[in-house]
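Architecture at a glance
Chain by chain, the residues:
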Amino acid sequence: MTKITVIGAGNVGATTVQRIAELQLGDIVMTDVVDGLPQGKALDLMQAAPVMGYDIDILGTTDYADIADSDVVVITAGIARKPGMSRDDLLSINSKITTEVCGNIAEYAPHAIVITVTNPLDIMTYVTLKTTGFEHNRVFGMSGVLDSSRFATFIAMELGCSIRDVDAMVLGGHGDSMVPVPEYTTIYGIPMSQLMPKETVERLVQRTINGGAEIVEYLKTGSAFYAPSASVAKMVEAVVKDSKRILPCAAYLQGEYNESDVYLGVPVKLGKNGIENIIELELTDGQLRALSNSAAGVREEIAKLQQ
Ligand code: APR
């Protein structure tokens, strides 16, 4: 049986476990620093199994020995954004948490594929790579699936069309510098620009960039978790089922898109080895510039951590 570990039993972590259980992707271990939290939520989720019909084990624990030999590890441990906080405000505290978590992953689950969710995403994924010492195809971040899903949602809401016909693409950093790409965003193959005026495209792009913050403003005490957990589950499924899905993920670049030694959201092929290849799209000069700005922002934050 495939073994999937989710670190962090908070909103994103526990909802991710629920989704992975309902998709029956494998046995699940959920960990947290707060004793009782992962145990209680795991037991609650196990008691939903007879109703929902999933036939897998869910273990809640605070002991890292229980994650031994996981095939996939998802990191959601950290603090979430509060109103007025940017993802970058989370930098220092979440990097300490990620470093501690990754030491344990390297020790107990040295062959795992690791998906980082903790924000600021691109930087925490870089910290994950460096502190686990794993190969870069095994370490990537959840960003583009969520951002593209938000973009698609706003497009379907605007057009009053089925969400099933919208294919949206968002690249770049998972933050204010993300790069929604209307040219690669279609409604049943029709470029979005043919179905709405330029100003509407721009408005939806801006709403997507602000998508996480809009939810933080509503919730006041935390950040989004339903769409983030759905996005993680989709990525875990692609790995576990080796389905070679083409999805935008935060991937380690080594020359692609003219960037190196940095994580950025780009389309990749996801399978049992993690990122099997990075797809280089033809982009306009403006989009390339936006990507390069995004990368510069991520590098700046990484440099702050290294000071
Ligand atoms: N080890 C394990 N778990 C930890 C650690 C640690 N060192 N430090 C904190 N945690 C746990 C907390 O106890 C909490 O249960 O991480 C969990 C985080 O849960 P929430 O506060 O509910 O945050 P959540 O909404 O799940 O977001 C988690 O994902 O989307 C990102 O920006 C978000 O960085 C944030 C992360």
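About the criteria used
- Residues numbered from 1 in each chain as written.
- Predicted model: local features only at pLDDT ≥ 70, side-chain atom pairs only at ≥ 80, totals over all residues.
- Heavy atoms only, no water.
- Helix = DSSP H or I, 4+ residues; strand = E, 2+ residues; numbered from the N terminus.
- Rg over C-alpha atoms; globule rule 2.2 N^0.38 Å.
- Buried < 20%, exposed > 50% of the residue type's maximum accessible area, 1.4 Å probe, protein only.
- Contact = heavy atoms within 4.5 Å.
- Areas by Shrake-Rupley, 256 points an atom, 1.4 Å probe, with all protein chains shown as cover.
- Axes fitted to C-alpha atoms, helices over the stretch in contact; angles between N-to-C directions.
- Parallel < 35°, antiparallel > 145°, perpendicular 65-115°, else oblique.
- Left-handed = near helix turned anticlockwise from the far one by under 90°.
- Nonpolar A, V, L, I, M, F, W, Y, C, P; charged D, E, K, R; others polar.
- Near = heavy atom within 4 Å.
- Polar contact = N/O pair within 3.5 Å; in protein donor to acceptor, adjacent residues only side chain to side chain.
- Patch = residues over 30% accessible without salt bridge, like charges linked within 9 Å, V, L, I, M, F, W, Y side chains within 5 Å.
- Salt bridge = Lys/Arg side-chain N within 4 Å of Asp/Glu carboxyl O.
- Domains from an automatic or database assignment.
- Buried area = accessible area lost by both parts, 1.4 Å probe.
- Expected span 1.5 Å × (residues − 1).

Some remarks on the overall build of the protein chain
Scanning the protein chain for helices and strands turns up 9 helices and 14 strands. On C-alpha atoms alone, the protein chain measures out to a radius of gyration of 19 Å, which is about the 19 Å that the 2.2 N^0.38 rule sets for 307 residues. Taking the principal axes of its C-alpha atoms as reference, the protein chain extends roughly 55 × 50 × 40 Å. Burial analysis of the protein chain (307 residues in total) assigns 52% to the buried set. Within the protein chain, contacts between residues at least 6 apart in sequence are counted, and of these 68% link residues at least 24 apart. For the protein chain, the computed accessible surface area is about 13,500 Å², with 51% contributed by carbon and sulfur atoms.

So, the packing of helix α5 (residues 144–159) against helix α8 (residues 226–240)
Direction vectors running N to C along α5 and α8 enclose 125 degrees, while the axes themselves pass 8 Å from each other. The angle between α5 and α8 falls in the class oblique. Crossing geometry of α5 relative to α8 is assigned as right-handed. For the pair formed by α5 and α8, the contact residues are Val145, Leu146 and Arg150 on the first element and Ala227, Pro228, Ser231, Lys234 and Met235 on the second. Classifying every residue of the contact of α5 with α8 by side-chain character gives 5 nonpolar, 1 polar and 2 charged.

Quick word on the site of the ligand
If you check the shell around the ligand, you find 20 residues, and the closest are Asn11, Val12, Asp32, Thr76 and Asn119. Contact distances for the ligand include 2.8 Å between an oxygen atom and a backbone N or O atom of Val12. For the ligand, whose unbound accessible area comes to 730 Å², protein coverage reaches 86%. Only α1 (11–22) and α3 (91–108) provide two or more residues apiece to the shell around the ligand. Looking at which element gives the most residues to the shell around the ligand, the answer is α3, with 4 residues.

Regarding a nonpolar patch on the surface
There is a patch of nonpolar side chains on the surface, built from Ile215, Tyr218 and Leu219 and spanning about 310 Å² of accessible area. Here Ile215 is to be found in helix α7 (residues 211–219).

Structural notes on the domain arrangement of the protein chain
Reports of interface size often rely on the accessible area that becomes lost once the parts have come together. Its domain assignment divides the protein chain into domain 1 (3–141) and domain 2 (144–305). Just the C-alpha atoms count here: the centres of domain 1 and domain 2 sit 21 Å apart. With 37 residues of domain 1 at the interface, the matching set in domain 2 holds 44 residues. Counting each side, the surface lost to burial between domain 1 and domain 2 is near 3,500 Å², with a carbon and sulfur contribution of 69%. Taking the shortest distance from any N to any O, the salt bridge between Lys130 and Asp261 comes out at 3.6 Å. Per-element accounting of the side of domain 1 that touches domain 2 gives the leading share, 8 residues, to helix α4 (residues 121–132). Grouping the amino acids of the side of domain 1 that touches domain 2 by side-chain chemistry returns 20 nonpolar, 10 polar and 7 charged.

Some remarks on the pattern of salt bridges
Counted according to the given criterion, the structure contains 10 salt bridges. Measuring nitrogen to oxygen at the nearest pair gives 2.9 Å for the salt bridge that ties Glu214 to Arg207. Of the residues examined, Arg207 reaches a relative accessible area of 33% and is grouped as partly exposed. Members of the salt-bridge network, linked through shared partners, are Asp242, Lys244, Lys272 and Glu276.

With respect to the packing of α5 against helix α6 (residues 198–209)
It is the contact of α5 with α6, at a shortest axis distance of 9 Å, that shows an interaxial angle of 140 degrees. Judged by the angle between their axes, α5 and α6 are oblique. Handedness of the α5/α6 crossing: right-handed. Residues Asp147, Arg150, Phe151, Phe154, Ile155, Met157 and Glu158 of α5 form the contact with α6, whose participating residues are Thr200, Arg203, Leu204, Val205, Arg207 and Thr208.

Points about α8
When the terminal C-alpha atoms of α8 are compared, their 21 Å separation across 15 residues agrees well with the 21 Å that a helix rising 1.5 Å per residue should span. Three or more residues of α8 are buried, namely Pro228, Ser229, Ser231, Val232, Ala233, Met235, Val236, Ala238 and Val239. Phi turns positive, to about 50 degrees, at Asp242, one or two residues after α8.

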